[in-house]
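The residues making up each chain are set out below.
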Amino acid sequence: MITLKTRAEIEIMYRAGQLVAETLAFLEGQVAPGLQTLELDRMAEARIRAAGAVPAFKGYMGFPFTLCISINEQVVHGFPSERTLVEGDLLSIDCGAIVNGYYSDAAITVRVGRLSREAETLLTTTQSCLDHAIDQMWVGNRLQDIGHTVQTIAEAKGYGVVKDFVGHGIGRKLHEEPQVPNWGKPNRGPRLKAGMVLAVEPMINAGTEKVRVLDDQWTAVTCDDSWSAHFEHSIAITDHGPKVLTALAA
Ligand code: MG
Ligand code: MG
C-alpha cells in the first residue's frame, strides 16, 4: 500500500532531507585525490549525529556504515574503506538520515579531480536523467512516466539502465511502496498523488546493465567493469508540483 504523507510529515521529511543535502554538499567539498573514503564516512556520521539525527543506513539489514561509497565500476552499496581516491575516479556517495522517525535518502556522483570525457558524460547524463524524471512528478502523471524518462535519456546514449535495483517510496521506513524502477512505458502505473514521497535514483552504466554483488554481500559492480553513476533525490509530490526534499535550499 502506498501511504500518503500529511503536510506536517512532509515538513519533517524536508528537515531530514536538508540534513542529507547539507551533508552531501559538505562531503563533495572534501573529495580530493589522496582521501580515504572511510574519512568521508566518519565526517558524515559526525555531522548527522551532531544535528541530533541518526544515520539511516548504519545497521540497516546489517549494513555497517553511514554512507554507501561506490567507485568507478561499483554501482551501489559499496563500503567506505581505506582505499585512497585517485585523480579521475568517479565517486558515488549515498547518504540517509532519520529525523523524528522519518527517513531521507539521496545520492550524488562526484568527480575526483578531472574526469575522462567518457566519465564526465556518464555523470552529467545520469544527473540529467534524475532532473528530467523529477519534472514528471506532477499530480495526474503516472509512476512509469518517471522510469520511462530515465530510460529514454540513458539509452539514447547507449548506456545500460540497472534493473536489479530501483527507487522506492520513503517515509517512516527507508523503503516503502511503491518501487520506482528506472524504466517503464509512458502513461502506465499508478497515478501520482499529492502526499506521495518517492526516492528516485537512476543507476546508469556506461556498458551493460548487468550487475553482480561481491562476496561482501553488498557491493554491486557492473558485470563488464564499465563505470557507473548514481544520483538520487527524495521528492514529495504536492498539488503545486514536485518538492525536492534533498535539494539544498538556496
Ligand atoms: Mg540512497
Ligand atoms: Mg534509495
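Here, the structure is the one placed above.
Criteria and cut-off values
Residues numbered from 1 in each chain as written. Chains lettered and ligands numbered in written order. Predicted model: local features only at pLDDT ≥ 70, side-chain atom pairs only at ≥ 80, totals over all residues. Heavy atoms only, no water. Donors = N, O, S within 2.8 Å, 3.2 Å for Na, K, Ca; no water. Helix = DSSP H or I, 4+ residues; strand = E, 2+ residues; numbered from the N terminus. Pairing = 2+ DSSP bridges. Axes fitted to C-alpha atoms, helices over the stretch in contact; angles between N-to-C directions. Buried < 20%, exposed > 50% of the residue type's maximum accessible area, 1.4 Å probe, protein only. Salt bridge = Lys/Arg side-chain N within 4 Å of Asp/Glu carboxyl O. Phe/Tyr/Trp six-rings, centres within 6.5 Å; stacked < 30°, edge-to-face > 60°. Parallel < 35°, antiparallel > 145°, perpendicular 65-115°, else oblique. Left-handed = near helix turned anticlockwise from the far one by under 90°. Contact = heavy atoms within 4.5 Å. Nonpolar A, V, L, I, M, F, W, Y, C, P; charged D, E, K, R; others polar. Expected span 1.5 Å × (residues − 1).

## Digging into the coordination of the magnesium ion (ligand 2)
For the magnesium ion (ligand 2), the full set of protein donor atoms is Asp-105 (OD), His-168 (NE2), Glu-201 (OE) and Glu-232 (OE), at a range of 2.1 to 2.2 Å. Donor residues binding the magnesium ion (ligand 2) come from one chain and are separated in sequence as D-x62-H-x32-E-x30-E. Taken as a pair, the magnesium ion (ligand 2) and the magnesium ion (ligand 1) lie 3.2 Å from each other and share Asp-105 as a ligand. Highlighted residues: Glu-201 in the loop between strand E9 (197-200) and strand E10 (203-205) and Glu-232 in the loop between strand E13 (228-230) and strand E14 (233-238), separated in sequence by 31 residues.

## Some points on the sheet that holds strand E12 (residues 220-222)
Strands sit in the order E3-E12-E11 across an open sheet of three strands; the sheet is antiparallel. A strand with exactly one partner marks an edge of an open sheet, and here the two such strands are strand E3 (74-76) and strand E11 (211-213). Strand-to-strand, the axes of this sheet are offset by a mean angle of 40°, without reference to chain direction. The sheet contact formed by E3 and E12 spans two bridges and is antiparallel. Counted as the bridge partner of Val-76 is Ala-220 from E12.

## Describing the pairing of E14
The buried fraction of E14 is high, at six of six residues. Neither face of E14 is left uncovered, since the one carrying His-233, Ile-235 and Ile-237 and the one carrying Ser-234, Ala-236 and Thr-238 both have all their residues buried. Across four bridges, the pairing between E9 and E14 is antiparallel. Residue pairing in the sheet places Val-197 in a bridge with Ala-236 of E14. Bridge analysis of E14 against strand E15 (residues 241-244) gives four bridges, and the strand direction is antiparallel. Residue Ile-235 lies in a different strand from E15, and its bridge partner there is Val-244.

## Describing the coordination of the magnesium ion (ligand 1)
The magnesium ion (ligand 1) binds to the protein through Asp-94 (OD), Asp-94 (OD), Asp-105 (OD) and Glu-232 (OE), with metal-donor distances spanning 2.0 to 2.5 Å. Mapping the donors of the magnesium ion (ligand 1) onto the primary sequence yields the spacing D-x10-D-x126-E.

## Considering the pattern of salt bridges
Inspection of the entire model under this criterion finds six salt bridges. Put simply, Lys-58 and Glu-45 hold a salt bridge, and the shortest N to O gap is 2.8 Å. Of the two residues, Lys-58 sits in the loop between strand E1 (54-55) and strand E2 (67-71) while Glu-45 sits in helix H2 (residues 37-50), which places them 13 residues apart along the sequence. Each of Glu-45, Arg-49 and Lys-58 takes part in one network of salt bridges that share partners.

## Considerations on the packing of aromatic side chains
Within the structure shown, the criterion is met by four aromatic pairs. Each ring, one from Phe-63 and one from Phe-79, has its centre 5.6 Å from the other, and the planes form 75°; the classification is edge-to-face. Of this pair, Phe-63 sits in the loop between E1 and E2 while Phe-79 is found in the loop between E3 and strand E4 (90-99), placing the two residues 16 residues apart along the sequence. Since its relative accessible area comes to 3%, Phe-63 is described here as buried. Take Phe-79: its relative accessible area is 26%, and that puts it in the partly exposed class. Ring pairs connect the aromatic residues Phe-63, Phe-65, Phe-79 and Trp-218, which therefore count as one cluster.

## Notes on the packing of helix H3 (residues 117-134) against helix H4 (residues 143-156)
To characterise two packed helices, one gives the angle between the axes of the helices and the distance between these axes. Direction vectors running N to C along H3 and H4 enclose 150°, while the axes themselves pass 8 Å from each other. By the angle class used here, H3 and H4 are roughly antiparallel. Read as a crossing pair, H3 and H4 show a hand that is right-handed. Each of Thr-125, Ser-128, Cys-129, His-132 and Ala-133 in H3 lies in contact with H4, whose residues at this interface are Ile-146, Thr-149, Val-150, Ile-153 and Ala-154. For the contact of H3 with H4, a count of residues per class yields six nonpolar, four polar and no charged.

## With respect to H3
Count 3.6 residues to each turn of an α-helix, and residues three or four apart come out pointing the same way. In a regular helix each residue adds 1.5 Å, so 18 residues correspond to 26 Å; H3 covers 26 Å between its end C-alpha atoms and thus fits that length. Those residues of H3 that fall on the buried side of the exposure criterion are Ala-119, Leu-122, Leu-123, Thr-125, Thr-126, Cys-129, Leu-130, Ala-133 and Ile-134.

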